[in-house]
Amino acid sequence: ARKYTRIAETTFPTVIKAREDARAAGAIGLGSRYSEVENQFLELTGAVENDSLSWAQRKAPGVESAYRAIELTTIQETTGSQIKALIAKARADDAEKLTPNLLSETESQYRALQKFITQNRYASEEIGKRAQETLFQANRLVAFTREANVIRRKSVEEQLLRQEARLDAIAAGVSAPDSRD
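Residues numbered from 1 in each chain as written. Predicted model: local features only at pLDDT ≥ 70, side-chain atom pairs only at ≥ 80, totals over all residues. Heavy atoms only, no water.

Chemist: Can you help me understand the pattern of salt bridges in this one?
Modeler: Note on pairing: side chains with opposite charge can pair once their charged atoms come close. Summed over the entire model, instances satisfying the criterion amount to 15 salt bridges. Between R68 and D21 there is a salt bridge whose closest N-O contact spans 2.6 Å. Here the residue R68 occupies a position in helix α4 (residues 53-92), and D21 occupies one in helix α2 (residues 13-25), the gap between them amounting to 47 residues. For the pair formed by R68 and D21, the shared burial category is buried. One salt bridge connects R130 with E126, and the closest N-O pair in it is separated by 2.8 Å. Note that R130 and E126 are positioned in helix α7 (residues 124-152) at a spacing of four residues, about one turn of the helix. Salt bridges sharing common partners tie together K17, D21, R68, E71 and R121. (Salt bridge = Lys/Arg side-chain N within 4 Å of Asp/Glu carboxyl O. Helix = DSSP H or I, 4+ residues; strand = E, 2+ residues; numbered from the N terminus. Buried < 20%, exposed > 50% of the residue type's maximum accessible area, 1.4 Å probe, protein only.)

Here it is, written out as structure tokens:
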């Protein structure tokens, strides 16, 4: 077994590295999608044990690519799942009609984040920073859409009274005089 392990380590170092990177990213959590790639890897190691080294060498680049792809998918899904869910919630709450500019901005920022991850999957600090900014924007979208839904159900007078109450609360917090006249 050790003999075959050494052969595999020297023959497929990039495949083994890609496998380790995918696992470190959490790809095992993808279930069957990860299992498919893992089975391809096991076929490679089985081929080494059965002295089919040339077959394994031909198949190795495809397995490495599959591990890299599943690693990227994991990073994108882990980073973007909450953002994606918030955008979907805003859409379900009629963001396309009520807050179309903010929806467009948020979706654009999300696409930019996904593109950045694709091009810089190991820049975890910068990915985290950009993901937080995009998450903030997505939460803002949901809040604006929720507020727009409340506003559209009120009369103009109710909206003005609501704004006045908010301004009153702010003025009271900073000890400003009543200026409603």
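Chemist: Where do I start with α2 in this structure?
Modeler: Spacing of three or four residues puts side chains on the same side of an α-helix, whose turn is 3.6 residues. Taking 1.5 Å of rise per residue, 13 residues should cover 18 Å, and α2 covers 18 Å from first to last C-alpha, within 8% of that figure. For α2, the full list of buried residues reads V15, A18, R19, D21 and A22. The arc that holds every buried residue of α2, seen down its axis, measures 165°, which confines them to one face. In the core, the buried residues of α2 are packed alongside α3 (32-49) and α4. In the segment just after α2, G26 is the residue with positive phi, at about 100°. (Expected span 1.5 Å × (residues − 1). Arc of directions from axis to C-beta. Contact = heavy atoms within 4.5 Å.)

Chemist: Is there a simple way to think about the side chain of R121 in this case?
Modeler: Relative to the helices and strands, R121 resides in the loop between α6 (100-119) and α7. Judged by relative accessible area, R121 falls into the buried class, the value being 18%. In this structure the side chain of R121 is engaged in a polar contact, spanning 2.8 Å, whose partner is the backbone oxygen of R68. Within the structure, the side chain of R121 is placed 3.0 Å from the side chain of E71, a separation counted as a polar contact. Apart from the residues within four sequence positions on either side, R121 is in contact with R68, E71, L72, I75 and I127. (Polar contact = N/O pair within 3.5 Å; in protein donor to acceptor, adjacent residues only side chain to side chain.)

Chemist: Would you mind showing me how to read the packing of aromatic side chains here?
Modeler: Centre distance and the angle of the planes are the two values used to describe a pair of aromatic rings. Scanning the entire structure with this criterion turns up two aromatic pairs. For the ring pair Y34 and Y67, a centre distance of 6.4 Å and an interplane angle of 55° mean the geometry is tilted. Taken together, the residues Y34 in helix α3 and Y67 in helix α4 connect sequence positions 33 residues apart. When sorted by exposure, Y34 lands in the same class as Y67, which is buried. Pairing F41 with Y67 gives two aromatic rings, centres 6.1 Å apart and planes at 70°, and the pair type is edge-to-face. Of this pair, F41 sits in helix α3 while Y67 sits in helix α4, and the two are 26 residues apart along the sequence. (Phe/Tyr/Trp six-rings, centres within 6.5 Å; stacked < 30°, edge-to-face > 60°.)

Chemist: How should the environment of E9 be read in this particular structure?
Modeler: Here E9 is to be found in helix α1 (residues 2-11). Here E9 falls in the partly exposed class, since its relative accessible area comes to 46%. Considering only alpha carbons, one finds E9 and T45, 36 residues apart in sequence, at a separation of 9.9 Å.

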